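Listed below are the residues making up each chain.
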Amino acid sequence: MKKYILSFVFAFITVCCLAQASKYGKVNLSHITDRVQENIKDFTGTVVVEKYDFTEKFGEPKVGGKKESRTFTLDKHGFYTMNDGNIYENEYLTDGRISVVKILDSTTKVLQQMIKFQYALTGEENAGVLRIEYDKSGDRGMVTHWLENVKHKHSPKYGEVYQKLNAAGQPIHEEIDFMNIESATQYNSYNVPTAEAIDGFGGVVMEYKYYKYDSKGNWTERFVYKNGSPDRFEKRIFMTQEEMEAEQERARQEELERNRIAEQKRIEAFQLRQSLMENFLSAIDEYNTQTINNKIEPTSIYISGATRTPIKSSISNVIDILQKEIIPSALNNKYVTAKYGSCAKVRG
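As the structure is a prediction and not an experimental result, all values here were calculated from the model.

Regarding the packing of aromatic side chains
Applying the stated criterion across every chain, the model contains 13 aromatic pairs. It is Lys116 that lies over the ring of Tyr134; its NZ or CZ is 5.5 Å from the centre.

Listed below in structure tokens is the structure:
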């Protein structure tokens, strides 16, 4: 029964989406961007996408712990310059169309993948855009088609993806032939997706409920449901170049302050240890003086202010306590000063 319901939902969403698509003909090249694919309007800068668990209790959503996050940066043309830890080096044609994308590992700067775009002239059969992926060895991979008249070419070796777009350039219908997957996406008046039906993996329907938007109409918070059950809560944080630089400077200043405090504690611990050592040596000198002059052995050596039983007169015991208890405590905090005082003396 569930399978039939999902099939009906998929068919309904597909019909609605294709009805939208039938109004439009030619592929708008300005729509073939990462910015549009990410469902973002009029923004250049960095975006952080955070995903959280969430549940519902009495119909009210309750957000849980963070599951994962992804950060990407868009240039003025709407393409990635950084995405999920990789650097994107983009090459553009003289008319501003993107030509080549080189994806590099941000740490090693080694090429991970290359993407090339091919453009067919308007009026030609299957006029539109091809996005062809290559791995780091140069072998051809998946091809994405944005075409006026979709004519499928089965390519099990590479994998062919066919997308139909709405007037805003957003994908409303997609087919991935080598995985035998078909999906359709429905949008609201803000041009953000409200539902997505995936005819594959046993049939999946994703539903999106939006709670917050920014001034440009970009969603910033939404709840995602999978087949009617809570799946995840998503938050998007938008930062311009200036805001990103300010955030990086704030983080740098916080790191400097943490380092300054750590260094100050290190200096204080060193000074306290030196003071304890000096008091200890002074006590040893007095111990030796009393032993020689009075020809008697003191019964104990202690540090004034101590609240513990005085240390026994054995020098080895004093050294043992100094090394195992007093100095390690001094390295962490001033507890030892309050407990033992700061002046070593000998009691006869």
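Quick notes on the layout of surface pockets
Size it by volume and the largest pocket reaches roughly 1400 Å³. In terms of lining residues, the largest pocket is bounded by 49 residues, among which Gln37, Glu38, Gln163, Pro171 and Glu174 are the most central. Across the lining of the largest pocket, the residue classes break down as 26 nonpolar, 10 polar and 13 charged.

Description of the pairing of strand β14 (residues 219-226)
In terms of burial, β14 is largely enclosed, as seven of its eight residues are buried. The pairing of strand β13 (residues 204-213) with β14 spans seven bridges and is antiparallel. If you follow Tyr213 over to β14, its bridge partner there is Trp219. Taking the residues between adjacent antiparallel strands as the criterion, β13 and β14 are bridged by five residues, where Gly217 takes a positive phi near 90°. Of the strand pairs in this sheet, β14 and strand β15 (residues 229-239) are connected by six bridges, and their pairing is antiparallel. Across the sheet, the residue bridging to Phe223 is Phe233, located in β15. Hairpin connection from β14 to β15: two residues lie between these consecutive antiparallel strands, with Asn227 at a positive phi of about 50°.

Looking at the confidence of the model for the protein
Across the protein, the average pLDDT comes to 75, with 64% of residues at or above 70. Counted against residues more than four places away or in other chains, residues 8-15, with its pLDDT under 50, gives 14 contacts. A low-confidence stretch, residues 298-313 stays under pLDDT 50, and its non-local contacts, those more than four residues away or across chains, total 59 contacts.

Some thoughts on the side chain of Asn166
You can see Asn166 is positioned in the loop between β9 (160-165) and β10 (171-176). Within the structure, the side chain of Asn166 is placed 2.9 Å from the backbone nitrogen of Gln170, a separation counted as a polar contact.

A word on unusual backbone geometry
Located in the positive-phi region is Phe58, a residue other than glycine, with phi close to 55°. Structurally, the position occupied by Phe58 is in the loop between β1 (45-57) and β2 (60-74). What makes Phe58 exposed here is its relative accessible area of 81%. Look at Asp84: it is not a glycine, yet its phi comes out positive at around 50°. As for its position among the elements, Asp84 is in the loop between β3 (80-83) and β4 (86-92).

Thresholds, definitions, all that
Residues numbered from 1 in each chain as written. Predicted model: local features only at pLDDT ≥ 70, side-chain atom pairs only at ≥ 80, totals over all residues. Heavy atoms only, no water. Phe/Tyr/Trp six-rings, centres within 6.5 Å; stacked < 30°, edge-to-face > 60°. Lys NZ or Arg CZ within 6 Å of the ring centre and 35° of its normal. 1 Å grid on protein atoms, 1.4 Å probe; cavity = no way out; pocket = protein on both sides within 12 Å on 5 of 7 lines; lining within 4 Å. Points joined across faces, edges and corners; volume = space filled by probe spheres on them. Nonpolar A, V, L, I, M, F, W, Y, C, P; charged D, E, K, R; others polar. Buried < 20%, exposed > 50% of the residue type's maximum accessible area, 1.4 Å probe, protein only. Helix = DSSP H or I, 4+ residues; strand = E, 2+ residues; numbered from the N terminus. Pairing = 2+ DSSP bridges. pLDDT = per-residue confidence, 0-100. Contact = heavy atoms within 4.5 Å. Polar contact = N/O pair within 3.5 Å; in protein donor to acceptor, adjacent residues only side chain to side chain.

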